Amino acid sequence: MSANTFTPGNMHQFTSCVANGVHIDGVTPLAPDAFSARCIAACRQGARISGMLAVPAQHGGNDLFALLSDDPAGRLILLGTSLRAGENYPAMTASLPQAQAFEREIFEEHGIRPEGHPWLKPLRRHADLETTADTPDRPLAGDYPFFSVSGSGVHEVAVGPVHAGIIEPGHFRFQCQGEVVLNLEIQLGYQHRGIERLLLSPIPAKRLVAAESIAGDTAVGHALAYCIAMERLADMEVSLRAQVLRGVVLEIERLSNHVGDLGGLCGDIGYLPGASYFGRLRGEFLNLLLEISGNRYGRGMIVPGGIRFDLPDEMRTSILLRLDRAEHDLKEVADLVFDASSVLARFEHTGIVTRELAEDLGLVGPAARASGCDRDVRRDHPHGVYRFAQIPVSLTEDGDVLCRALIRWLECQRSLTFVREQLQGLPDGPLRSVETPGMAPRSLSIAMVEGWRGEIVHMAVTDETGQLRGYKVVDPSFHNWMGLAIAMRGNQISDFPLCNKSFNLSYAGHDL
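Quick look at the structure, then. Note that the coordinates shown come from a computational prediction; the quantities given were computed from them, not determined experimentally. (Residues numbered from 1 in each chain as written. Predicted model: local features only at pLDDT ≥ 70, side-chain atom pairs only at ≥ 80, totals over all residues. Heavy atoms only, no water.)

## Considering the packing of helix H6 (residues 240–268) against helix H15 (residues 496–503)
Interhelical geometry of H6 versus H15 gives an angle of 175 degrees and a closest axis separation of 9 Å. In this view, H6 runs roughly antiparallel relative to H15, as classed from their interaxial angle. Residues Asp-261, Gly-264, Leu-265 and Asp-268 of H6 lie in contact with H15, whose contacting residues are Pro-497, Leu-498, Lys-501 and Ser-502. (Axes fitted to C-alpha atoms, helices over the stretch in contact; angles between N-to-C directions. Helix = DSSP H or I, 4+ residues; strand = E, 2+ residues; numbered from the N terminus. Parallel < 35°, antiparallel > 145°, perpendicular 65-115°, else oblique. Contact = heavy atoms within 4.5 Å.)

Shown next, in the form of C-alpha cells:
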C-alpha cells in the first residue's frame, strides 16, 4: 500500500486518504500486555479507538487488531497481537472507557477475555434470548446484571424492549429518585442478525445487499464503506465522476435524516409547525434519492468500482432547482423553530454531555461535534471526492439537545452547498471501472465514511487465496449509545424521548 511507515514501536501507521490493503504479515504482533499498553498510550496522546477485529489464526488462536484514529494528524494506526488458543489479554476499559463495548464484543464473539474488564456484561448475546443452535461454540456472559441504586425515594422504571410506537426493540432501565434520573442502563441485542457472517458470503451481490441492510436509514453510507473496502483489496480505481456522485447521494442521505430528526425533535416537544414542515422537507430529499437511484433510500446506487446510475443533464438541472426551493423552505422553518422561546426552553440545558465525557466515551458524528469534539471523517480521513472538496466541520460547545439540533441545521446548510457545487461542476468519466480478477491475499483493508450519524468503519481481511475470512462493521451508534445513557443523568425522566431523538441511534446498526 502507499504511504506506509513502520516505526520502532511496532505500530503500522499510514495516511488514511491513500490507504489500500495492508498486508497482514507487515503488522508486527505485539505481546498481549504491550498491545493493551500501546493502545492506551496512543489514545492518551490524542488518538481514539475506531475498531477492533479478531480473526482465527493458523496456529489455532486468534489475531487481534485495533484500529486507532489520530484525527489531528490525519493518520490511522493499526496495532496487532497474536493470541494462542485460550490466551487472553489485559483489558483496556478501566483506563480507556471508550474500549468497553469493543472488548465486550470481542469476548462474546471469540471467547477472548479482556482480563480485568470492570463491566463484562452481554452486549448482544443475552442468555435468555439465545439458543444453543445459534451459538454452539460462543460463550455467553450469563444473565444480564443490571446496575441498581437503592435509597429513600429511589425507584426503577423499565421500558421496552416492546415499545408503544413504531420503533426498534431495546430495553431501557431507569434508576430514578422522584422524577430525576440517577442512571440509565440500555440493553440492546434484540436486532442481532449476523450481518458480519453474511458479509463473508462468496457471492459479491449478496454481500452488497447485506451491507445496505446494516442500518436501513444509512444504506448509502454502509454501501459506500463496503465498496471502498472491497476496492482497496482489489486495487480498483473509481472515476472522478463516480466519486462525485457517490458524495452527492451520501450528502442527500445526510440531508434527509438531519431534516427528519429536526422534525422529530419538534414533535417530541409538541411544536407541531416545526414537526410538520420538517417532515415535508424530509420527503423532498427522499424523493431526490428516489429519482436518482429508483428508491427513497439510495439502495443499489453504489457498487464496487463506481455507481450504477448516471445523472443526465436534464435530471441534474431539475435537481438543482428543487434544491434551491428546498433550501429556501428549510431556512424559513429553521428560523421559525430556533427563534421560538418555547423550543429553546425545552432544548437548552437538556441532556448535556460535556466535551471531557464525549472524549472519554469516544463519541462520533453530530453527537461528538455538539460537545466540541473536532472530528469528521470527511476532513480528517477523506476518501473519494472529499479529498478535493472539503466540507467545513460544524462545531458547538455545550453538548445539550439544542447543540445537537444546531449541528444538524449547520450540516444541512453545508451539505446543500456541497451538493449544488458538485452537480454544477460534474466531471465526465465512466460510471464504473472494470472489476479485477480478485482480492489481494492475506490483506486487511480499512474503509471510513462519515455517515449522517457519524463515523462508519468497515474492516475486511482475506485469507491466503484472497477470499474474505473476517469482516468487521462499526456503526456510529456502537460508539454513541453510552453517550445517550450518560446524557440522561440528572434530567427528568420525561426528557428521555427528547434526548433519545437528539441522538437518534440505530438499534440494528449496533446489534448487527
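## Considering H15
Burial analysis of H15 places 6 of its 8 residues in the buried class, the great majority of the element. The set of residues buried in H15 consists of Phe-496, Leu-498, Cys-499, Asn-500, Ser-502 and Phe-503. Immediately downstream of H15, the backbone of Asn-504 shows phi near 45 degrees, a positive value. (Buried < 20%, exposed > 50% of the residue type's maximum accessible area, 1.4 Å probe, protein only.)

## Comments concerning the sheet that holds strand E11 (residues 180–187)
Taken in spatial order, the 3 strands make up an open sheet running E9-E10-E11, and their pairing is antiparallel. Among the strands making up the open sheet, the edge pair consists of strand E9 (154–159) and E11. Direction aside, neighbouring strands of the sheet carry axes that sit 20 degrees apart on average. Sheet topology note: the strand E10 (residues 171–177)/E11 ladder contains 7 bridges and is antiparallel. (Pairing = 2+ DSSP bridges.)

## As for the pairing of E11
In terms of burial, E11 is a largely internal element, 6 of the 8 residues being buried. Taking the residues that link successive antiparallel strands as the turn, the E10-E11 hairpin has 2 residues, and the phi of Gly-178 there is positive, at about 65 degrees.

## As for H6
An ideal rise of 1.5 Å per residue puts 42 Å on 29 residues; H6 measures up with 42 Å between its terminal C-alpha atoms. Most of H6 is tucked away: 26 of the 29 residues are buried. Directly beyond the C-terminal end of H6, a positive phi value near 75 degrees is found at Gly-270. (Expected span 1.5 Å × (residues − 1).)

## Overview of the sheet that holds strand E16 (residues 468–474)
Ordered by their spatial adjacency, 4 strands build an open sheet running E3-E14-E15-E16, and the pairing between neighbours is antiparallel. Looking at strand neighbours, the two that pair on one side only are strand E3 (22–23) and E16, the edges of this open sheet. For strand E14 (residues 443–450) and strand E15 (residues 455–462), the ladder comprises 7 bridges, and the chain directions are antiparallel. Each bridged residue has a counterpart across the sheet, and for Met-448 the counterpart in E15 is Val-457.

## Here's the deal with unusual backbone geometry
The omega angle of the peptide bond from Gly-160 to Pro-161 is 15 degrees, so this bond is cis rather than trans. You can see Pro-161 is positioned in the loop between E9 and E10. The phi dihedral of Arg-442 is positive, around 45 degrees, even though this residue is not glycine. Secondary-structure assignment places Arg-442 in the loop between helix H13 (401–424) and E14.

## Some thoughts on the packing of helix H5 (residues 219–234) against H6
Their axes nearest at 9 Å, the elements H5 and H6 cross at an angle of 150 degrees. Where H5 approaches H6, its residues Ala-219, Val-220, Gly-221, Leu-224, Cys-227, Ile-228 and Glu-231 are matched on the opposing element by Arg-246, Val-249, Leu-250 and Glu-253. Looking at the contact of H5 with H6, its residues break down into 7 nonpolar, 1 polar and 3 charged. (Nonpolar A, V, L, I, M, F, W, Y, C, P; charged D, E, K, R; others polar.)

## A short note on the side chain of Thr-81
Note on placement: Thr-81 falls in strand E6 (residues 75–83). A distance of 2.7 Å separates a polar atom in the side chain of Thr-81 from the backbone oxygen of Leu-30. If we skip the residues at most four places from it in the chain, Thr-81 touches Pro-29, Leu-30, Ala-31, Pro-32, Phe-35, Asn-62, Asp-63 and Leu-64. (Polar contact = N/O pair within 3.5 Å; in protein donor to acceptor, adjacent residues only side chain to side chain.)

## Thoughts on the packing of aromatic side chains
Within this structure, the stated rule accounts for 9 aromatic pairs. Considering the side-chain rings of Phe-174 and Phe-496, the 5.1 Å spacing of their centres and the 80 degrees angle between planes classify their relative orientation as edge-to-face. Here Phe-174, found in strand E10, pairs with Phe-496, found in helix H15; they are 322 residues apart in sequence, far enough to count as distant. When its relative accessible area of 2% is taken as the criterion, Phe-174 is described as buried. Seen from the ring of Phe-146, Arg-173 lies directly overhead, with NZ or CZ sitting 3.7 Å from the centre. (Phe/Tyr/Trp six-rings, centres within 6.5 Å; stacked < 30°, edge-to-face > 60°. Lys NZ or Arg CZ within 6 Å of the ring centre and 35° of its normal.)

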